[in-house]
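# Fold and contact review
Chain by chain, the residues run as shown.
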Amino acid sequence: MGQEDLMNTAEDVADQFLRVTKQYLPHLARLCLISTFLEDGIRMWFQWNEQRDYIEATWSCGYFLATCFVLLNLIGQLGGCVLILSRNFVQYACFGLFGIIALQTVAYSILWDLKFLMRNLALGGGLLLLLAESRSEGKSMFAGVPSMGESSPKQYMQLGGRVLLVLMFMTLLHFDSSFFSILQNMVGTALIILVAIGFKTKLAALTLVVWLLAINVYFNAFWTIPAYKPMHDFLKYDFFQTTSVIGGLLLVVALGPGGVSMDEKKKEW
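Everything quoted here is computed from the prediction, not taken from an experiment.

Moving on, we get to the pattern of salt bridges. Under the defined criterion, the tally for this structure stands at six salt bridges. In this structure, the salt-bridge partner of Asp53 is Arg52, at a minimum N-O distance of 3.3 Å. The exposure class of Asp53 is partly exposed, given its relative accessible area of 38%. Here Arg119 ties to Asp238 by a salt bridge, and the two come within 2.3 Å at their closest N and O atoms. Here the residue Arg119 occupies a position in helix H6 (residues 114-134), and Asp238 occupies one in helix H11 (residues 230-255), the gap between them amounting to 119 residues. Assigned by exposure class, Arg119 and Asp238 land together as buried.

Printed below as a string of structure tokens:
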């Protein structure tokens, strides 16, 4: 079997998977996407004092402002998750969660940690895809703006979302000389380029979902660490953040790459 035949077979399998799961995939994608916000909102409730004390000590902002920060994170994240899952005011919920990401990036000094910054940007990419998915005729935040085909805001949101999503995989590359690491880097880099440019997008995104799911379960198994150990919370945070990026990729699988992509351009050739 040649390379082209193998690719065609893989695409047929992916198409069959999509036909079977098309009714459930968008719902699963949204649930995965908001999982990190849901977990973090619940954590704000159960670790209220610790979170407040950390913000108060780090920023010397006083008890009241630190309490407001934790309360805003709790209500903003849990409220946004409820709205997204119920499909009510999804665009407002997405903007609210964008604000939470920006707030936490500053408050927890993520801005200076490249790995965590890239993962937060990837999370933002997932929200951007969700925002694009939520747009409907006559109910767009760009109401009144004439449609311009491939130049429509929705399609550029999908492009931006795809590009930001692949930042997650750049944090998973291992720069050492072992055969496995070199192979993983080569395959991973090829897949993220395909998703970013929108070529064989659904197949590449689905492959990345499987790959990232396996890595997430293997490396971020927080349930194997006692809850009182700091590593438990670290792995738990990493697990749900990675799950959210999986949700973003599932949206790409369910909705396609959008108009600004090579897959769409191929239709004109």
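Before going further, it helps to spend a moment on the confidence of the model for the protein. Summarising the model, the protein shows a mean pLDDT of 83, and 88% of its residues fall at 70 or more. The secondary structure element of the protein with the lowest average pLDDT is helix H1 (residues 3-21), at 72, and the one with the highest is helix H4 (residues 62-86), at 94. Across residues 136-151 the pLDDT falls below 50, and counting only partners more than four positions away or on other chains, this stretch makes 19 contacts in the model.

This brings us to a nonpolar patch on the surface. Where nonpolar side chains cluster on the molecular surface, the patch consists of Phe179, Ile182, Leu183, Met186 and Val187 and spans about 520 Å² of accessible area. Position of Leu183 among the secondary structure elements: in helix H9 (residues 179-197).

Enumeration according to the criterion identifies 12 aromatic pairs in this entry. Taking the centre distance of 4.8 Å and the plane angle of 90° together, the rings of Tyr218 and Phe219 count as edge-to-face. In this pair, the class of Tyr218 matches that of Phe219, namely exposed. Feature note: the residues Phe222, Trp223, Phe239 and Phe240 constitute an aromatic cluster, connected by ring pairs.

Conventions we followed
- Sequence order sets the numbering: in each chain, residues are counted from 1 along the sequence as written.
- Residues qualify for local features only when their pLDDT is at least 70, as the model is predicted, and side-chain atom pairs are given and counted only at 80 or more; totals for whole chains, interfaces and linings, by contrast, use all residues.
- As a rule here, side-chain values cover all heavy atoms of the structure and leave hydrogens and water aside.
- We define a salt bridge as a side-chain nitrogen of Lys or Arg found within 4 Å of a carboxyl oxygen belonging to Asp or Glu.
- Burial classes follow relative accessibility: with a 1.4 Å probe on protein chains only, a residue under 20% of its type's maximum area counts as buried, one over 50% as exposed, and anything between as partly exposed.
- Where helices and strands are cited, they refer to DSSP runs of H or I of at least four residues and of E of at least two residues respectively, numbered from the N terminus.
- Across the chain, each position has a pLDDT score giving the predictor's confidence in that residue, from 0 to 100.
- The contact rule is simple, with two residues in contact once any of their heavy atoms fall within 4.5 Å.
- Put simply, a patch holds well-exposed residues, over 30% relative accessible area, that have no salt bridge, with like charges counted together within 9 Å and Val, Leu, Ile, Met, Phe, Trp or Tyr side chains within 5 Å.
- Accessibility throughout is a Shrake-Rupley quantity obtained with a 1.4 Å probe, and a residue counts as covered only by protein chains that appear here.
- A pair of aromatic rings is counted whenever rings of Phe, Tyr or Trp (Trp by its six-membered ring) have centres within 6.5 Å, and the orientation is called stacked for planes under 30 degrees apart, edge-to-face for over 60 and tilted otherwise.

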